[in-house]
Amino acid sequence: MRAYLEFAIKKFQDKMAYRLDFFMGIVNTAITILVYLCIYRALYGNAADVDGISYSMVATNFVITLGLSNAFHYNEMFLQDKIRDGSITNEFLKPVSFILRLLSENIGEGAFKIIFHFLPALGITILYTKLCPPESVLGLFAMFLSVVLGYLILWLISFIIQTWSFWLFSVWGIITIKNVFVSILSGSLLPLWFMPEALRGIISVTPFESIYFTPVRIYLGELEGMELLWALAVQIMWIAVLGLIANAFWKKGVKKLVVQGG
Amino acid sequence: MIVLQNVCKTLSGREVLKDISFHIAENENVGIIGLNGAGKTTLLNTIAGMIKPDSGFIRSGGKESLIEEKQALRKLAYVSGTRSQLWETLKVKDSFDNCISMYRLNRKDAGERLILLADIFEIRAFMDRTPEGLSLGERMRCEMVYALLAQPKILMLDEVMNGLDLSIKYKIMGYFEKYKNERRVTMIYTSNQLAEVEQLCDRVLLIDQGKLIFDGTMERIMKQFSPYYRIEIKISEGFPDFEDLPLEKYSMDNDGLTIVYDKQKIGTAQILKQVMEKCKIKDVKLFEPNLEDTIKKIYRG
């Protein structure tokens, strides 16, 4: 456990070393959020709400999903690069789980970006536009938990695709497609409220809804009581399912490499 | 305890391991020697579980595949010139720190051990750098410290002396000699230098083109296959006479004399004495037996 914590802290400190990256990250996140907010402001015009969804709700959805998706961005070619240059075999001999080690490092990086990119950008945004305040303190805590669970779902989807580089020459294309799917189906481009009923139905049985939309709904107070617990349970269920799949792919990939001789 | 039985492996169409069987007891020191491409590294990778044999039986520390058992991996350290245990992006000292937590070592003991090892391997000056900033020799020394820090039960050293300056090499060899005599570790040492293996290992496995062609003590290699020594003498005056000496062969051109001999039959001193009786010597060079000749002899014998 201690080793994994150290991986996360090391990555966090690593990121701190890059000052310019730090400032550019804030600017980048703030600009992304503000640009999208302007677009939505224009789309709303003078209407108080669209389909019962107010501008503040949409704005809040955007800040949380786009902010987080910026923060949760990391090098998804890591495994492919390691397999290509053969240094993946160095990892085999380490007495730690590769999956958990990589997760720890990415979490360290994500934590850095949340604290130093997302929160400052959020501060800038609040000066510019009014966001919905959290519904309740409990809801805020539930949201933090849900964000962590959502991150794990996002991470596992990415890792599963990364493991395909054991078989494929390049997974870059698939990762790009995946990212498009994530941004559309998780509601970070267009809030899921505005999706057609049929599409909403399909999305609700995929893990994508659990990534950003569940935390947003919890924050806005749309999910409470049993509904909230159920939404968290669904997130945990997806983590378990995707975790098993990720582990199976990883094991199979390692086995392939071991039979091939590294 | 390491057991291999009839292990075969073909990699990209080439038979790298051919029906290899041996058995290494706990705390034994075994040297694996062979020319480049003989299959030494593949053999070590197979023992570590990084390569799965096509056929045959393998157990290392009771496991079929070490790399699948994190608990068992904590008992293994594998140093190789072609692979790094240090984290590329971390300072060397941070890699050591990480080693301590990954191998779940006692922090105080490990810290003290690190101070000792850093002195012996003379790495203190560059522990603040990342591996990228180190020369091959410097990096190998750090790799060895990393491995020893983990206090493994199985220590595999794959051509680790490559790139080391002679003075530090002898110092490190001396350390390993002492270390193996404490008998708390199963050591497997590969090299293409007979002399290194002679100093460090009690038992030798000789691999040639994927086949195990000899398994026995170093003494037996020396006695049975007594590798040839070679001596080159530059003469300024006179003519030597070797009529009654049991030499393997000798040749002469201008003022240079090359003698190949078997140390079991005749000593170096005796040859020199014979030469000096008749001639004046300008210069003498002694060549230790090389692996190629030994392998040739084993095939013939």
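All of these numbers come straight from a predicted model, not from anything done at the bench.

Another aspect to go through is the overall build of chain A. Helix and strand counts for chain A stand at 11 helices and 2 strands. Reading the secondary structure of chain A in the N-to-C direction produces α-α-β-β-α-α-α-α-α-α-α-α-α. Relative to the globule expectation of 18 Å for 262 residues, the C-alpha radius of gyration of chain A, 19 Å, shows essentially globular dimensions. In terms of principal-axis extent, the alpha carbons of chain A reach across some 65 × 45 × 35 Å. By residue count, 39% of the 262 residues in chain A fall in the buried class.

The next point concerns the interface of chain A and chain B. Counting residues at the interface gives 16 residues for chain A and 19 residues for chain B. Those elements that place two or more of their residues in the side of chain A that touches chain B are α1 (2-16), α5 (88-92) and α11 (225-260) of chain A. For the side of chain A that touches chain B, the element with the most residues is α1(A), which contributes 4 residues. In the side of chain A that touches chain B, the residues fall into 7 nonpolar, 5 polar and 4 charged.

Let's shift gears to the environment of T89(A). Along the chain, the position of T89(A) falls in helix α5. Look at T89(A) and you get buried, because 22 C-beta atoms sit within 10 Å.

Quick look at the sheet that holds strand β8 (residues 203-208) of chain B now. All names here are of chain B. Read from one edge of the open sheet, 6 strands run β5-β6-β7-β3-β8-β9, paired in mixed fashion. Because the sheet does not close on itself, it has two edges, and the strands there are β5 (76-80) and β9 (211-217). Ignoring strand direction, the axes of neighbouring strands in this sheet form an average angle of 15°. Pairing geometry for strand β6 (residues 154-158) and strand β7 (residues 186-191), over 5 bridges, is parallel. Across the sheet, residue M156 finds its bridge partner in β7, namely I188. Along the sheet face, helix α1 (residues 40-48) touches β3 (29-33), β5, β6, β7 and β8 and points at about 155° away from the line of β6.

Now for the sheet that holds strand β13 (residues 280-287) of chain B. Residue and element names in this part refer to chain B. Spatially, 4 strands are ordered β11-β12-β10-β13 in an open sheet, and the strand pairing comes out antiparallel. At either end of the open sheet lies a strand with only one pairing partner, and these are β11 (249-253) and β13. Strand after strand, the sheet turns through a mean of 15° between neighbouring axes, direction not considered. When β11 meets strand β12 (residues 256-262), the two strands line up antiparallel, connected through 5 bridges. For K249, the partnering residue across the bridge sits in β12 and is V260. Against the sheet, helix α9 (residues 268-278) touches β10 (228-237), β12 and β13, its axis set at about 20° to β10.

Quick notes on the rules
- Residues numbered from 1 in each chain as written.
- Chains lettered and ligands numbered in written order.
- Predicted model: local features only at pLDDT ≥ 70, side-chain atom pairs only at ≥ 80, totals over all residues.
- Helix = DSSP H or I, 4+ residues; strand = E, 2+ residues; numbered from the N terminus.
- Rg over C-alpha atoms; globule rule 2.2 N^0.38 Å.
- Buried ≥ 20, exposed ≤ 12 C-beta atoms within 10 Å, placed from the backbone.
- Contact = placed C-beta atoms within 7 Å.
- Nonpolar A, V, L, I, M, F, W, Y, C, P; charged D, E, K, R; others polar.
- Pairing = 2+ DSSP bridges.
- Axes fitted to C-alpha atoms, helices over the stretch in contact; angles between N-to-C directions.

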